[in-house]
Amino acid sequence: MPKEPDQREFIQSLERGLAVILAFSDHHPSLTLSRCAELTGLSKPTVRRVLLTLQHLGYVRSEGRLFALTPRVLALGYAYLSSLNLPVIAQPSMEELVAATREPCTLATLDDTDVVYVTRVSTHRRPGATLATGTRLPAHATAMGHVLLADLSQAELDHYLSRAELLPLTARTVRTPGELLGRLGTARARGWAMVEQELEEGLRSVAAPVRGADGRVIAALGMSASVATADAETMRERFAPLLVRAAAAISERLGADFGPAGARPAVAARPR
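The structure reproduced in this document is the subject of the present report.

Scoring rules and cut-offs
Residues numbered from 1 in each chain as written. Predicted model: local features only at pLDDT ≥ 70, side-chain atom pairs only at ≥ 80, totals over all residues. Heavy atoms only, no water. Phe/Tyr/Trp six-rings, centres within 6.5 Å; stacked < 30°, edge-to-face > 60°. Lys NZ or Arg CZ within 6 Å of the ring centre and 35° of its normal. Helix = DSSP H or I, 4+ residues; strand = E, 2+ residues; numbered from the N terminus. Pairing = 2+ DSSP bridges. Axes fitted to C-alpha atoms, helices over the stretch in contact; angles between N-to-C directions. Contact = heavy atoms within 4.5 Å. Parallel < 35°, antiparallel > 145°, perpendicular 65-115°, else oblique. Left-handed = near helix turned anticlockwise from the far one by under 90°. Nonpolar A, V, L, I, M, F, W, Y, C, P; charged D, E, K, R; others polar. Buried < 20%, exposed > 50% of the residue type's maximum accessible area, 1.4 Å probe, protein only. Salt bridge = Lys/Arg side-chain N within 4 Å of Asp/Glu carboxyl O. Patch = residues over 30% accessible without salt bridge, like charges linked within 9 Å, V, L, I, M, F, W, Y side chains within 5 Å. Areas by Shrake-Rupley, 256 points an atom, 1.4 Å probe, with all protein chains shown as cover.

## As for the packing of aromatic side chains
Step number 1: Following the criterion strictly, the structure yields 0 aromatic pairs and no others.
Step number 2: The ring of Trp 192 carries the charged tip of Arg 190 above its face, separated from the ring centre by 3.9 Å.

## Re the environment of Ala 193
Step number 1: Along the chain, Ala 193 falls in strand β7 (residues 193-196).
Step number 2: Sequence-wise, Ala 193 and Gly 222 are 29 residues apart; in three dimensions their C-alpha atoms are separated by 9.1 Å.

## Some points on the sheet that holds β7
The strands making up a sheet associate through hydrogen bonds between their backbones, and the pairing can be parallel or antiparallel.
Step number 1: Strand order in this open sheet of 6 strands is β6-β5-β4-β9-β8-β7, and the pairing throughout is antiparallel. Either end of the sheet is taken by a strand with one partner, and the two such strands are β6 (136-138) and β7. Ignoring which end each strand starts from, the neighbouring axes of this sheet average 30 degrees apart.
Step number 2: Sheet analysis places strand β5 (residues 114-121) next to β6, joined by 3 bridges and oriented antiparallel. Across the sheet, the residue bridging to Val 116 is Arg 136, located in β6.
Step number 3: Packed on one face of the sheet, helix α5 (residues 86-101) meets β4 (105-111), β5 and β9 (217-226) and runs near 70 degrees to β5.

## Considerations on the packing of helix α7 (residues 154-163) against helix α8 (residues 177-190)
Step number 1: Viewed as axis vectors pointing N to C, α7 and α8 meet at an angle of 140 degrees, and their least axial separation amounts to 12 Å. When the axes of α7 and α8 are compared, the pair comes out oblique. The interaxial crossing formed by α7 with α8 has right-handed handedness. For the pair α7 and α8, contact is made by Leu 157, Tyr 160 and Leu 161 and by Pro 177, Leu 180, Leu 181, Leu 184 and Arg 188, respectively.
Step number 2: Per-class residue counts for the contact of α7 with α8 are 7 nonpolar, no polar and 1 charged.

## A few points about the side chain of Thr 32
Step number 1: Looking at where Thr 32 falls in the secondary structure, it is placed in strand β1 (residues 30-32).
Step number 2: Overall, Thr 32 belongs to the buried group, its relative accessible area being 17%.
Step number 3: Apart from residues no more than four positions distant in its own chain, Thr 32 is found in contact with Arg 65 and Leu 66.

## Here we look at the pattern of salt bridges
When the charged atoms of two side chains lie near each other, side chains of opposite charge can form a pair.
Step number 1: Across all of its chains, the model carries 8 salt bridges by this definition.
Step number 2: The partner of Arg 61 in a salt bridge is Glu 63, with the nearest N and O atoms 3.9 Å apart.
Step number 3: Overall, Glu 63 belongs to the exposed group, its relative accessible area being 59%.
Step number 4: When the shortest N-O distance is used, the salt bridge between Asp 112 and Arg 163 registers 2.7 Å. Taken as a pair, Asp 112 in the loop between β4 and β5 and Arg 163 in helix α7 lie far apart in primary sequence, 51 residues in all.
Step number 5: Linked by salt bridges that have partners in common, Asp 111, Asp 114 and Arg 136 make up one network.

## Let's talk about a nonpolar patch on the surface
Step number 1: On the surface, a nonpolar cluster with roughly 430 Å² of combined accessible area is contributed by Ile 11, Leu 14, Leu 18 and Leu 22.
Step number 2: As for its position among the elements, Leu 18 is in helix α1 (residues 12-23).
Step number 3: The partly exposed category is assigned to Leu 18, whose relative accessible area is 44%.

## Observations regarding unusual backbone geometry
Step number 1: In this model, Arg 102 sits at a positive phi of 60 degrees, which is unusual for a non-glycine residue.
Step number 2: Within the secondary structure layout, Arg 102 lies in the loop between α5 and β4.
Step number 3: Of the residues examined, Arg 102 reaches a relative accessible area of 63% and is grouped as exposed.
Step number 4: A positive phi is found at Gln 197, a non-glycine position, where the angle reads about 55 degrees.
Step number 5: Mapped onto the fold, Gln 197 is located in the loop between β7 and β8 (203-211).

## What to know about the environment of Leu 169
Step number 1: With respect to the helices and strands, Leu 169 occurs in the loop between α7 and α8.
Step number 2: As for Leu 169 and Glu 198, which are separated by 29 residues in sequence, their C-alpha atoms are 6.7 Å apart.
Step number 3: Setting aside chain neighbours within four positions, we find Leu 169 in contact with Pro 138, Ala 141, Glu 198 and Leu 199.

Structure, rendered in structure tokens:
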């Protein structure tokens, strides 16, 4: 058990801020000020100051009397992933996947309306020099983005849609919220996502979820191939199962529990 901190070194306002953030959950995706005060045991004036501060910083949004977290909170989780050295944990499975498919493999997380590359394993045939760690791509046009968005709560999705510009990068790109939500439902149901020349003409891609110990999707494992080297059936029937297994192996090393007999959950593991 952690020892009690020296009160001279204890920042009570930080403790209260974290308590307010952690009050939001699957069962409480949106909270009134009063309900948040009840859940945290803090006074209403204190909770109000904390919520308004978090809103100013972009971690919380409000609609009428209700407050909800924004996807920016995921940046706090990314700090944890960085401390775990996620790229090192994922590297062996990614290298095996690239060896089996001869196609590059990428691990990415969600930041606001973009996916951000955490690490990438390329092939000698396709070095991908311009797609390095830190590369940002619009989530709506990528298979990795669909996997990551599919795990958001309805409130988080609504916030994403209020900020995202669904720009038509090709003639096939998802253009409307309704169409995107339909695609996310498909990804959620089958446990992986595929996009067909939506980010770039001549390129199709698939992605699968990587989960943390709490079952939440913390990253997406994706791979892409030229339409000239891999047809849609190959992506669905051969590459997608390999990708799902690799993502599950990474998840297990991160502490995810898939239950008896290694059952794999769909992309969304929590109530919506």
